[in-house]
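# Coordinates in review
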Amino acid sequence: MRPAAGVLLLGLAGCQGMLPPLRGEIEPGRDPFVVFVGGKARAGGDLFAVPAAGGTALPITYSGVGEMRPALAPDGSALAFLRGASLRDSAPGTIWVMNLLSGNERQLRLPRGSPGPEEVAWMDGGGSIVVRAGDGLYRFKAPPASGPAEPVPPPERAQAESALAVLLGAPAFARATPCHDAEDLCVVADSGAPALLARGARDAARWGDDSVAYVVGEVILVRPLGPGRERRVPVSGGPASPRQITVFPGKR
């Protein structure tokens, strides 16, 4: 029997497809953790999770196609991402959402003829998913509600752009962005010139209210926004080239 339309199990054979993706090692919605893309492919790879304090990398996907641009829901219970070896050959107009409690996946599809998706984020406190596709912004109701994609109306575009940006602080007072030299990361406040955050860094992600995470070489690092030194998130048994990180800071 074929699975119901729009619902797929995690790409494992047999009964393994029913295993919760984090296999009891991380409790979604409670434990702080990081999800990242790993593997030597230039763009897409498999998705892995690791506790925020570090530990063994847990593979989440085994598709062999490649996943990219993961985005954890604000409550840590679901993960939105794109699938394909690159943005160009990702499934046309498709965004995937995985329930991290069950491993079930849902497909969300952009309107026919729209550009391919490039970025994914959660907004409305996790009630909807926003997608950048070319110059367009689209919004879905988050599963299980779902429904068709709706273009984000002009009065709400600033909110959608904010959801896609890496905003720092609570309330947010800055955003992380590549510097003029794209090999470095900068912080840009509401007013003023960009300030260097880290050299040779990429893939910034908000880490709670007072810190930011990023990747330098093969290492995931966390740095406080105020005084303090950056620290390493040790990952054992993991893949090469961790990148495109997304963080659930834990239940407050």
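Remember, predicted model here, so these are calculated numbers, not experimental data.

Sheets are built from strands that pair by backbone hydrogen bonding, the pairs being arranged parallel or antiparallel. The strand order β18-β19-β20-β21 describes an open sheet built from four strands, whose pairing is antiparallel. Whereas interior strands pair on both sides, the edge strands pair on one side only; in this sheet they are β18 (201–207) and β21 (231–233). For this sheet, the mean angle separating the axes of adjacent strands, direction not counted, is 30°. Alignment of β18 against strand β19 (residues 211–216), held across five bridges, turns out to be antiparallel. The residue of β19 that forms the bridge with R202 is V215.

All right, on to the confidence of the model for the chain then. With 89% of its residues at a pLDDT of 70 or more, the chain has an overall mean of 87. The model gives residues 1–17 a pLDDT under 50, and that stretch makes 24 contacts with residues more than four places away or in other chains.

With that settled, the discussion passes to the layout of surface pockets. Roughly 1400 Å³ of volume is contained in the largest pocket. Counting only elements with at least two residues in the lining of the largest pocket, the list comes to β6 (67–72), β10 (119–123), α1 (157–164), β14 (166–168), β15 (174–178), β18 and β23 (243–248). Taken together, the residues of the lining of the largest pocket sort by class into 28 nonpolar, eight polar and 13 charged. If you add up the space inside the second largest pocket, you get close to 230 Å³. Lining the second largest pocket are 14 residues; nearest its centre among them are A78, V97, N99, P143 and P144.

A word on the packing of aromatic side chains. Enumeration according to the criterion identifies two aromatic pairs in this entry. Where F33 meets F248, the ring centres are 5.9 Å apart and the plane angle is 55°; that geometry is what we call tilted. In this pair, F33 is assigned in strand β2 (residues 33–38) and F248 in strand β23, connecting sequence segments 215 residues apart. Where F36 meets F48, the ring centres are 5.8 Å apart and the plane angle is 20°; that geometry is what we call stacked. Remark: F48 occurs in strand β3 (residues 46–51) and F36 occurs in strand β2; sequence separation between them is twelve residues. Taken as a pair, F36 and F48 share a single burial class, namely buried.

Note that the residue after P143, namely P144, is joined by a cis bond; omega there is 10°. Looking at where P144 falls in the secondary structure, it is placed in the loop between β12 (136–141) and β13 (150–151). Residue P171 is bonded to the preceding A170 through a cis peptide linkage, with omega at 0°. Take P171: it is sitting in the loop between β14 and β15. In this model, R69 sits at a positive phi of 50°, which is unusual for a non-glycine residue. By the secondary structure assignment, R69 is in strand β6.

Rules behind the numbers
- Residues numbered from 1 in each chain as written.
- Predicted model: local features only at pLDDT ≥ 70, side-chain atom pairs only at ≥ 80, totals over all residues.
- Heavy atoms only, no water.
- Pairing = 2+ DSSP bridges.
- Helix = DSSP H or I, 4+ residues; strand = E, 2+ residues; numbered from the N terminus.
- Axes fitted to C-alpha atoms, helices over the stretch in contact; angles between N-to-C directions.
- pLDDT = per-residue confidence, 0-100.
- Contact = heavy atoms within 4.5 Å.
- 1 Å grid on protein atoms, 1.4 Å probe; cavity = no way out; pocket = protein on both sides within 12 Å on 5 of 7 lines; lining within 4 Å.
- Points joined across faces, edges and corners; volume = space filled by probe spheres on them.
- Nonpolar A, V, L, I, M, F, W, Y, C, P; charged D, E, K, R; others polar.
- Phe/Tyr/Trp six-rings, centres within 6.5 Å; stacked < 30°, edge-to-face > 60°.
- Buried < 20%, exposed > 50% of the residue type's maximum accessible area, 1.4 Å probe, protein only.

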